[in-house]
Amino acid sequence: MQGTRTAFFLGQRARVLRAIRSYFDACDFVEVDTPLMVPSPGLDVHLDAFEIKDTRAPRYLITSPEYQMKRLLAEGMPRIVQLCHCFRRNEEGSRHQPEFMMAEWYRTSAGIEEMMCDTEALVEHVARTLLGTAVIPAMGNAVDVGAPWERLTVRDAFMRYANVSLDDVLPSEEKFYELLVDKVEPMLGLGKPTLLYAYPASMASLARLTPNDPTTAERFEAYIDGVELCNGFGELTDPREQRARFEQDQAQRRKLSKPVYPIDEEFLSALDRGIPASGGNALGVDRLVMLITGATSIEDVVSIPASRL
């Protein structure tokens with residue numbers, strides 16, 4: 001019985017991967033393959049990397065292929081996509097694995113709106129390819145992933161679902177994430193997916209600030225039946241601003257007694273050479289397979305989960 005169940009989910013996973021590739025192929029994206037072992041895994045305060053010891057210089061398994069893919073944008077590639085494994089320490093549960101698959105794509109002459117539309121079209125394409133309909137089982141509550149999806153600002157979401165003003169929550173990021181996880185996220189993407197956007201500028205990560213509202217960033221996350229599916233940006237391309245953010249992240253990691261990873265100087269050099277205005281998105285493939293198939297745990301849709309190694 002278990003073997004039949006495993007065969008079903010892995011068969012569906014293979015179909016999802018083919019559908020993702022067919023979507024990007026039809027949209028003239030070039031599939032690329034960047035290194036998994038890198039000099040800097042990213043400086044996000046909330047992510048911890050696996051260090052590779054047996055190397056001449058410090059190396060880490062990627063938490064995302066972002067830096068290397070953006071270097072390809074600087075080399076003149078206008079539309080690129082990658083399906084690869086990423087690695088994050090201390091992440092294991094029904095929706096997390098320390099090793100997981102990401103579909104990450106970037107395109108020039110694009111911003112947050114184009115990336116949100118890409119996300120809608122990709123997920124609907126996968127659903128229709130596998131199920132013949134845009135309605136997916138998700139986490140037990142059927143969701144129609146046909147475009148357009150709900151667009152909701154972070155500020156409006158906190159008022160609607162947590163009954164608090166964002167101004168009263170910030171600058172405490174701890175309180176922000178507590179309310180996001182406990183009150184807001186479970187209510188997002190019910191019936192129709194939700195695109196949560198206009199994150200506070202302090203949480204911009206690698207996103208540029210919104211031109212007409214510098215208190216927010218061009219960052220969005222998509223939710224389906226309460227599950228976060230992706231994290232997308234209108235990309236920051238200013239090397240000075242990016243270095244300043246990296247240094248702030250290093251200081252924050254040091255303050256929290258977390259490992260302080262190096263700044264990726266090659267990535268900053270690429271920004272200095274010039275990257276056109278671009279949009280990017282990172283989508284969790286394992287979670288998409290879960291939502292499309294109605295699985296209740298990521299362990300169901302990966303070949304061998306961490307718990308069985």
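Everything that follows concerns the structure shown earlier in this document.
Okay, so let's go over this structure. As the structure is a prediction and not an experimental result, all values here were calculated from the model.

Examining the packing of aromatic side chains
Here is step 1 of the chain: Counted according to the given criterion, the structure contains ten aromatic pairs.
Here is step 2 of the chain: Ring centres 5.1 Å apart and planes at 55° place the aromatic pair F24 and W105 in the tilted group. In this pair, F24 is assigned in helix α1 (residues 2-26) and W105 in strand β6 (residues 99-108), connecting sequence segments 81 residues apart.
Here is step 3 of the chain: Taken together, Y23, F24, F29 and W105 form an aromatic cluster joined through their ring pairs.
Here is step 4 of the chain: Against the face of Y199 rests R219, its NZ or CZ located 4.3 Å from the ring centre.

Examining the sheet that holds strand β2 (residues 37-38)
Here is step 1 of the chain: Overall, antiparallel pairing links the three strands, which are arranged β2-β4-β3 in an open sheet. The open sheet terminates on both sides in strands that have one partner only, identified here as β2 and β3 (51-52).

Topic: the side chain of T153
Here is step 1 of the chain: Along the chain, the position of T153 falls in strand β9 (residues 150-153).
Here is step 2 of the chain: Among the polar contacts made by the side chain of T153, one reaches the main-chain amide nitrogen of D156 at a distance of 3.0 Å.
Here is step 3 of the chain: In this structure T153 touches L196, Y197 and A198, once residues within four positions along its chain are discounted.

Observations regarding helix α4 (residues 154-162)
Here is step 1 of the chain: Along α4, the positions that sit buried rather than exposed are V154, A157, F158 and A162. All buried residues of α4 project into a common sector of 100° when viewed along the axis, lining one side.
Here is step 2 of the chain: As for α4, its buried residues are in contact with β9, α5 (166-169), α6 (173-184) and β10 (194-200).
Here is step 3 of the chain: Looking one or two places after α4, you find N163, whose phi comes out positive at around 55°.

Some details on the environment of T133
Here is step 1 of the chain: Looking at the element boundaries, T133 is found in the loop between α3 (112-131) and β7 (135-136).
Here is step 2 of the chain: A residue is classified by how much of its surface remains accessible, and T133, at 29% relative accessible area, is partly exposed.
Here is step 3 of the chain: Residues T133 and G146 lie 13 residues apart in sequence; the distance between their C-alpha atoms is 8.8 Å.
Here is step 4 of the chain: Those residues within four positions of T133 in sequence are excluded, and the remaining contacts are A127 and R128.

Some details on the pattern of salt bridges
Here is step 1 of the chain: For the structure shown, the criterion picks out 21 salt bridges.
Here is step 2 of the chain: Between K53 and E51 there is a salt bridge, with the nearest N and O atoms lying 3.6 Å from each other.
Here is step 3 of the chain: Between R128 and E124 there is a salt bridge, and its shortest N-O distance comes to 2.9 Å. With a gap of four residues between them, R128 and E124 both fall in helix α3, about one helical turn apart.
Here is step 4 of the chain: By relative accessible area, R128 is classed as partly exposed at 44%.
Here is step 5 of the chain: The class of E124 is buried, set by a relative accessible area of 18%.
Here is step 6 of the chain: Each of D48, R253 and K258 takes part in a single network of salt bridges with overlapping partners.

Describing the nonpolar core
Here is step 1 of the chain: Of all hydrophobic cores here, the largest spans 46 residues; its most connected members are I20, V126, I136, V145, I224 and L288.
Here is step 2 of the chain: A per-element tally of this core places α3 first, with eight residues.
Here is step 3 of the chain: Discounting chain neighbours no more than four positions away, the residues touching V145 are E120, V123, E124, A127, A134, I136, K192, P193 and I224.

Observations concerning the pairing of β6
Along any regular strand, the residues point their side chains to alternate faces of the sheet.
Here is step 1 of the chain: Most of β6 sits out of view: nine of its ten residues are buried.
Here is step 2 of the chain: Pairing of strand β5 (residues 79-87) with β6, which is carried by nine bridges, proceeds in the antiparallel orientation. Residue pairing across strands places R79 opposite R107, the latter belonging to β6.
Here is step 3 of the chain: Bridge analysis of β6 against strand β14 (residues 278-284) gives seven bridges, and the strand direction is antiparallel.

Rules used throughout
Residues numbered from 1 in each chain as written. Predicted model: local features only at pLDDT ≥ 70, side-chain atom pairs only at ≥ 80, totals over all residues. Heavy atoms only, no water. Phe/Tyr/Trp six-rings, centres within 6.5 Å; stacked < 30°, edge-to-face > 60°. Helix = DSSP H or I, 4+ residues; strand = E, 2+ residues; numbered from the N terminus. Lys NZ or Arg CZ within 6 Å of the ring centre and 35° of its normal. Pairing = 2+ DSSP bridges. Polar contact = N/O pair within 3.5 Å; in protein donor to acceptor, adjacent residues only side chain to side chain. Contact = heavy atoms within 4.5 Å. Buried < 20%, exposed > 50% of the residue type's maximum accessible area, 1.4 Å probe, protein only. Arc of directions from axis to C-beta. Salt bridge = Lys/Arg side-chain N within 4 Å of Asp/Glu carboxyl O. Core = buried A, V, L, I, M, F, W, Y, C linked by side-chain atoms within 4.5 Å.

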